[in-house]
Amino acid sequence: MAMREAIEDIKAATNLPDVEAALEAGKQAMADAGTFKGAQNAAINELEEAKKTAVSDEAKAALDEAIQKVKEATTVDEVTAAKEAGLKAAEDADKALQDAIAAALAELDEAKVTASAEARTQIDAAKAKIAAATSVGQVEELLDELYDAIFEFRYVLIEGDGLEWVKDSGVTAKFRSTAPYEKFVSVEIDDSTVAASEYTSENGSTIIWLKPSMLKKLGVGKHKIVVRSKDGLAKGHFFVKPALPPTGDSADPFLWTVLLMMSLGLAVTVIRMKRREQ
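Every value quoted in this text rests on a predicted model; they were computed, and no experiment measured them.

Caption draft 1: Highlighting the environment of T200. Position of T200 relative to the elements: it lies in strand β6 (residues 199-203). The exposure class of T200 is partly exposed, given its relative accessible area of 38%. C-alpha of T200 to C-alpha of K211: the two residues are 11 residues apart in sequence and 7.7 Å apart in space.

Caption draft 2: Representation of the sheet that holds strand β4 (residues 184-189) within the structure. Taken in spatial order, the five strands make up an open sheet running β2-β9-β8-β4-β5, and their pairing is mixed. At either margin of the open sheet sits one strand with a lone partner, and together these are β2 (163-166) and β5 (192-193). Here five bridges tie β4 to strand β8 (residues 221-229), and the two strands are oriented antiparallel to one another. Bridge pairing links I189 to I225 in β8.

Caption draft 3: Structural context of the pattern of salt bridges. Counting across every chain of the model gives 15 salt bridges. Among the ionic pairs, D64 bridges to K51, the shortest N-O distance being 2.7 Å. Here the residue D64 occupies a position in helix α3 (residues 57-72), and K51 occupies one in helix α2 (residues 16-53), the gap between them amounting to 13 residues. In this structure D64 comes out as partly exposed when scored by relative accessible area, which is 38%. Ionic contacts of the salt-bridge type, sharing partners, join the residues R154, K183 and D231 into one network.

Caption draft 4: The arrangement of the packing of helix α4 (residues 76-114) against helix α6 (residues 136-150) in detail. At their nearest, the axes of α4 and α6 sit 9 Å apart, and the two run at 15° to each other. Taken together, α4 and α6 sit at an angle that is classed as roughly parallel. Once α4 is placed against α6, the crossing between them reads as left-handed. For the pair formed by α4 and α6, the contact residues are A96, L97, A100, I101, A104, E107 and L108 on the first element and V136, V139, L143, L146 and Y147 on the second. Broken down by class, the residue content of the contact of α4 with α6 amounts to 11 nonpolar, no polar and one charged.

Here is what the cut-offs are and how they apply
Residues numbered from 1 in each chain as written. Predicted model: local features only at pLDDT ≥ 70, side-chain atom pairs only at ≥ 80, totals over all residues. Heavy atoms only, no water. Helix = DSSP H or I, 4+ residues; strand = E, 2+ residues; numbered from the N terminus. Buried < 20%, exposed > 50% of the residue type's maximum accessible area, 1.4 Å probe, protein only. Pairing = 2+ DSSP bridges. Salt bridge = Lys/Arg side-chain N within 4 Å of Asp/Glu carboxyl O. Axes fitted to C-alpha atoms, helices over the stretch in contact; angles between N-to-C directions. Parallel < 35°, antiparallel > 145°, perpendicular 65-115°, else oblique. Left-handed = near helix turned anticlockwise from the far one by under 90°. Contact = heavy atoms within 4.5 Å. Nonpolar A, V, L, I, M, F, W, Y, C, P; charged D, E, K, R; others polar.

Okay, structure coming up:
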(Lines give C-alpha, C1' and ligand atoms only; values in the text may rest on other atoms or scores of the structure.)
Protein backbone atom coordinates (compact mmCIF):
# COMPACT_ATOMS: atom_id res chain seq x y z
CA MET A 1 0.00 0.00 0.00
CA ALA A 2 2.76 2.46 0.93
CA MET A 3 4.71 1.65 -2.27
CA ARG A 4 1.67 2.41 -4.40
CA GLU A 5 1.20 5.71 -2.67
CA ALA A 6 4.86 6.61 -3.26
CA ILE A 7 4.56 5.80 -6.97
CA GLU A 8 1.43 7.92 -7.27
CA ASP A 9 3.21 10.79 -5.48
CA ILE A 10 6.11 10.60 -7.94
CA LYS A 11 3.70 10.72 -10.88
CA ALA A 12 1.93 13.70 -9.39
CA ALA A 13 5.10 15.61 -8.48
CA THR A 14 5.57 18.96 -10.32
CA ASN A 15 9.04 19.82 -9.13
CA LEU A 16 12.30 18.15 -8.19
CA PRO A 17 11.93 18.43 -4.39
CA ASP A 18 8.54 16.70 -4.55
CA VAL A 19 10.01 13.90 -6.69
CA GLU A 20 12.93 13.42 -4.27
CA ALA A 21 10.56 13.33 -1.33
CA ALA A 22 8.37 10.76 -3.04
CA LEU A 23 11.44 8.63 -3.84
CA GLU A 24 12.56 8.69 -0.20
CA ALA A 25 9.09 7.68 0.88
CA GLY A 26 9.18 4.84 -1.61
CA LYS A 27 12.54 3.64 -0.32
CA GLN A 28 11.22 3.66 3.27
CA ALA A 29 8.11 1.81 2.18
CA MET A 30 10.27 -0.87 0.57
CA ALA A 31 12.35 -1.18 3.74
CA ASP A 32 9.23 -1.44 5.87
CA ALA A 33 7.78 -4.05 3.55
CA GLY A 34 10.93 -6.09 3.83
CA THR A 35 10.86 -5.83 7.61
CA PHE A 36 7.19 -6.85 7.73
CA LYS A 37 7.66 -9.76 5.38
CA GLY A 38 10.65 -10.95 7.36
CA ALA A 39 8.73 -10.70 10.62
CA GLN A 40 5.79 -12.51 9.08
CA ASN A 41 7.91 -15.36 7.73
CA ALA A 42 9.82 -15.69 10.99
CA ALA A 43 6.58 -15.86 12.98
CA ILE A 44 5.12 -18.52 10.70
CA ASN A 45 8.29 -20.60 10.95
CA GLU A 46 8.28 -20.36 14.75
CA LEU A 47 4.64 -21.43 14.94
CA GLU A 48 5.26 -24.34 12.58
CA GLU A 49 8.15 -25.52 14.73
CA ALA A 50 5.95 -25.29 17.83
CA LYS A 51 3.40 -27.57 16.14
CA LYS A 52 6.04 -30.30 15.84
CA THR A 53 6.40 -30.52 19.62
CA ALA A 54 2.78 -29.81 20.56
CA VAL A 55 1.07 -32.75 22.24
CA SER A 56 -2.60 -31.91 22.45
CA ASP A 57 -5.05 -31.51 19.59
CA GLU A 58 -6.11 -28.23 21.18
CA ALA A 59 -2.54 -26.90 21.08
CA LYS A 60 -2.12 -27.77 17.40
CA ALA A 61 -5.44 -26.12 16.57
CA ALA A 62 -4.39 -22.96 18.43
CA LEU A 63 -1.13 -22.81 16.48
CA ASP A 64 -2.91 -23.31 13.16
CA GLU A 65 -5.25 -20.45 14.02
CA ALA A 66 -2.30 -18.26 14.94
CA ILE A 67 -0.56 -19.01 11.62
CA GLN A 68 -3.66 -17.93 9.74
CA LYS A 69 -3.84 -14.68 11.72
CA VAL A 70 -0.16 -13.96 11.03
CA LYS A 71 -0.78 -14.41 7.32
CA GLU A 72 -3.69 -11.98 7.48
CA ALA A 73 -1.79 -9.38 9.52
CA THR A 74 -0.91 -6.03 7.93
CA THR A 75 1.61 -4.72 10.46
CA VAL A 76 4.57 -6.09 12.37
CA ASP A 77 2.74 -5.45 15.62
CA GLU A 78 -0.20 -7.56 14.46
CA VAL A 79 2.19 -10.35 13.45
CA THR A 80 3.87 -10.30 16.85
CA ALA A 81 0.57 -10.25 18.75
CA ALA A 82 -0.87 -13.17 16.75
CA LYS A 83 2.29 -15.25 17.19
CA GLU A 84 2.54 -14.70 20.95
CA ALA A 85 -1.16 -15.39 21.50
CA GLY A 86 -0.89 -18.67 19.57
CA LEU A 87 2.17 -19.86 21.48
CA LYS A 88 0.52 -19.05 24.83
CA ALA A 89 -2.71 -20.82 23.87
CA ALA A 90 -0.77 -23.90 22.79
CA GLU A 91 1.23 -23.95 26.01
CA ASP A 92 -1.94 -23.69 28.10
CA ALA A 93 -3.63 -26.44 26.10
CA ASP A 94 -0.75 -28.88 26.55
CA LYS A 95 -0.61 -28.08 30.27
CA ALA A 96 -4.34 -28.75 30.59
CA LEU A 97 -3.91 -32.12 28.87
CA GLN A 98 -1.00 -33.09 31.11
CA ASP A 99 -3.01 -32.17 34.22
CA ALA A 100 -6.05 -34.13 32.98
CA ILE A 101 -3.96 -37.23 32.29
CA ALA A 102 -2.22 -37.04 35.67
CA ALA A 103 -5.53 -36.64 37.51
CA ALA A 104 -7.12 -39.53 35.61
CA LEU A 105 -4.21 -41.89 36.27
CA ALA A 106 -4.24 -41.02 39.97
CA GLU A 107 -8.00 -41.64 40.10
CA LEU A 108 -7.58 -45.05 38.49
CA ASP A 109 -4.75 -46.02 40.83
CA GLU A 110 -7.09 -45.29 43.73
CA ALA A 111 -9.93 -47.22 42.06
CA LYS A 112 -7.72 -50.29 41.68
CA VAL A 113 -7.39 -50.60 45.47
CA THR A 114 -11.04 -51.62 45.87
CA ALA A 115 -11.63 -53.13 42.42
CA SER A 116 -12.18 -56.75 41.51
CA ALA A 117 -9.47 -58.67 39.65
CA GLU A 118 -11.37 -58.37 36.37
CA ALA A 119 -11.89 -54.65 36.89
CA ARG A 120 -8.19 -54.13 37.66
CA THR A 121 -7.25 -55.71 34.33
CA GLN A 122 -9.50 -53.29 32.46
CA ILE A 123 -8.27 -50.35 34.53
CA ASP A 124 -4.67 -51.10 33.55
CA ALA A 125 -5.65 -51.23 29.88
CA ALA A 126 -7.49 -47.92 30.19
CA LYS A 127 -4.50 -46.29 31.89
CA ALA A 128 -2.32 -47.03 28.88
CA LYS A 129 -4.86 -45.44 26.54
CA ILE A 130 -5.30 -42.39 28.77
CA ALA A 131 -1.55 -41.83 29.00
CA ALA A 132 -1.48 -41.59 25.20
CA ALA A 133 -4.54 -39.33 24.90
CA THR A 134 -4.20 -36.19 22.77
CA SER A 135 -7.08 -34.14 24.17
CA VAL A 136 -8.83 -33.46 27.46
CA GLY A 137 -12.08 -34.62 25.89
CA GLN A 138 -10.52 -37.93 24.95
CA VAL A 139 -9.36 -38.46 28.55
CA GLU A 140 -12.90 -37.88 29.80
CA GLU A 141 -14.38 -40.22 27.19
CA LEU A 142 -11.95 -43.01 28.08
CA LEU A 143 -12.81 -42.68 31.77
CA ASP A 144 -16.54 -42.82 31.04
CA GLU A 145 -16.11 -45.87 28.82
CA LEU A 146 -14.09 -47.66 31.48
CA TYR A 147 -16.55 -47.02 34.30
CA ASP A 148 -19.43 -48.17 32.13
CA ALA A 149 -17.54 -51.35 31.26
CA ILE A 150 -16.61 -52.32 34.82
CA PHE A 151 -19.82 -51.23 36.59
CA GLU A 152 -21.18 -54.77 36.89
CA PHE A 153 -18.05 -56.11 38.62
CA ARG A 154 -16.19 -53.06 39.93
CA TYR A 155 -16.22 -54.03 43.61
CA VAL A 156 -15.71 -57.26 45.56
CA LEU A 157 -17.53 -58.97 48.40
CA ILE A 158 -14.62 -59.57 50.76
CA GLU A 159 -16.87 -61.02 53.44
CA GLY A 160 -20.04 -63.09 53.17
CA ASP A 161 -19.56 -64.61 49.73
CA GLY A 162 -20.32 -68.34 50.16
CA LEU A 163 -21.82 -67.79 53.62
CA GLU A 164 -24.17 -70.45 55.00
CA TRP A 165 -27.14 -69.35 57.09
CA VAL A 166 -29.23 -71.91 58.98
CA LYS A 167 -32.98 -71.40 59.15
CA ASP A 168 -34.38 -70.59 62.59
CA SER A 169 -30.87 -69.84 63.87
CA GLY A 170 -31.90 -66.30 64.73
CA VAL A 171 -28.52 -64.83 63.73
CA THR A 172 -27.78 -62.04 61.27
CA ALA A 173 -25.75 -62.57 58.10
CA LYS A 174 -22.82 -60.22 57.47
CA PHE A 175 -21.61 -59.09 54.04
CA ARG A 176 -18.86 -56.59 53.25
CA SER A 177 -18.21 -54.80 49.96
CA THR A 178 -14.99 -52.99 49.08
CA ALA A 179 -17.01 -49.99 47.89
CA PRO A 180 -16.74 -46.77 49.94
CA TYR A 181 -19.70 -46.50 52.31
CA GLU A 182 -20.60 -42.98 51.12
CA LYS A 183 -21.41 -44.50 47.71
CA PHE A 184 -23.76 -47.20 49.07
CA VAL A 185 -27.21 -47.35 47.43
CA SER A 186 -29.03 -50.62 48.16
CA VAL A 187 -28.99 -54.40 48.64
CA GLU A 188 -30.51 -56.89 46.20
CA ILE A 189 -31.32 -60.56 46.82
CA ASP A 190 -32.11 -62.71 43.81
CA ASP A 191 -32.58 -59.57 41.64
CA SER A 192 -35.06 -57.96 44.03
CA THR A 193 -34.27 -54.88 46.10
CA VAL A 194 -34.34 -55.56 49.84
CA ALA A 195 -36.32 -53.12 51.96
CA ALA A 196 -34.10 -50.92 54.11
CA SER A 197 -35.93 -52.20 57.19
CA GLU A 198 -34.69 -55.74 56.47
CA TYR A 199 -31.00 -54.94 56.99
CA THR A 200 -28.61 -52.53 58.66
CA SER A 201 -25.54 -50.95 57.09
CA GLU A 202 -22.39 -49.33 58.40
CA ASN A 203 -19.05 -47.94 57.33
CA GLY A 204 -16.03 -50.12 56.82
CA SER A 205 -15.93 -50.15 53.69
CA THR A 206 -19.62 -51.05 53.20
CA ILE A 207 -20.93 -53.56 55.75
CA ILE A 208 -24.40 -55.07 55.45
CA TRP A 209 -26.17 -57.10 58.15
CA LEU A 210 -29.18 -59.03 56.83
CA LYS A 211 -31.77 -59.54 59.55
CA PRO A 212 -33.08 -63.02 60.48
CA SER A 213 -36.63 -61.83 59.83
CA MET A 214 -35.74 -61.36 56.16
CA LEU A 215 -33.54 -64.42 55.81
CA LYS A 216 -36.16 -66.81 57.12
CA LYS A 217 -38.41 -65.84 54.20
CA LEU A 218 -35.91 -67.29 51.74
CA GLY A 219 -36.12 -70.84 50.54
CA VAL A 220 -33.46 -73.42 51.30
CA GLY A 221 -30.67 -73.30 48.70
CA LYS A 222 -28.37 -70.87 46.90
CA HIS A 223 -29.18 -67.15 46.69
CA LYS A 224 -27.55 -64.23 44.86
CA ILE A 225 -26.68 -61.03 46.70
CA VAL A 226 -25.68 -57.68 45.18
CA VAL A 227 -24.44 -54.68 47.14
CA ARG A 228 -25.14 -51.74 44.84
CA SER A 229 -23.06 -48.55 45.01
CA LYS A 230 -23.31 -45.41 42.90
CA ASP A 231 -20.44 -46.39 40.63
CA GLY A 232 -20.44 -50.18 40.72
CA LEU A 233 -21.65 -53.49 42.11
CA ALA A 234 -20.25 -56.16 44.41
CA LYS A 235 -21.79 -59.59 43.74
CA GLY A 236 -21.78 -62.91 45.55
CA HIS A 237 -23.83 -65.89 46.70
CA PHE A 238 -24.89 -67.37 50.01
CA PHE A 239 -26.74 -70.48 51.06
CA VAL A 240 -29.78 -71.01 53.28
CA LYS A 241 -29.59 -74.33 55.08
CA PRO A 242 -32.53 -76.21 56.65
CA ALA A 243 -33.11 -75.89 60.36
CA LEU A 244 -31.16 -78.35 62.52
CA PRO A 245 -33.12 -81.32 63.92
CA PRO A 246 -33.87 -81.14 67.66
CA THR A 247 -31.14 -82.50 69.94
CA GLY A 248 -31.66 -85.00 72.77
CA ASP A 249 -31.89 -82.19 75.27
CA SER A 250 -34.90 -80.79 73.51
CA ALA A 251 -36.77 -84.11 72.92
CA ASP A 252 -40.41 -84.56 73.90
CA PRO A 253 -40.73 -84.86 77.75
CA PHE A 254 -43.42 -87.52 77.26
CA LEU A 255 -40.85 -89.75 75.56
CA TRP A 256 -38.52 -89.35 78.53
CA THR A 257 -41.34 -90.28 80.88
CA VAL A 258 -42.14 -93.45 78.92
CA LEU A 259 -38.48 -94.46 78.86
CA LEU A 260 -38.14 -93.85 82.57
CA MET A 261 -41.20 -95.97 83.39
CA MET A 262 -39.93 -98.79 81.17
CA SER A 263 -36.55 -98.67 82.93
CA LEU A 264 -38.19 -98.82 86.36
CA GLY A 265 -40.38 -101.71 85.27
CA LEU A 266 -37.37 -103.62 84.02
CA ALA A 267 -35.50 -102.98 87.25
CA VAL A 268 -38.42 -104.30 89.34
CA THR A 269 -38.64 -107.42 87.18
CA VAL A 270 -34.93 -108.14 87.60
CA ILE A 271 -35.14 -107.77 91.38
CA ARG A 272 -38.09 -110.19 91.62
CA MET A 273 -36.33 -112.78 89.52
CA LYS A 274 -33.29 -112.64 91.77
CA ARG A 275 -35.44 -113.12 94.87
CA ARG A 276 -37.11 -116.25 93.39
CA GLU A 277 -33.73 -117.74 92.65
CA GLN A 278 -32.71 -117.28 96.29
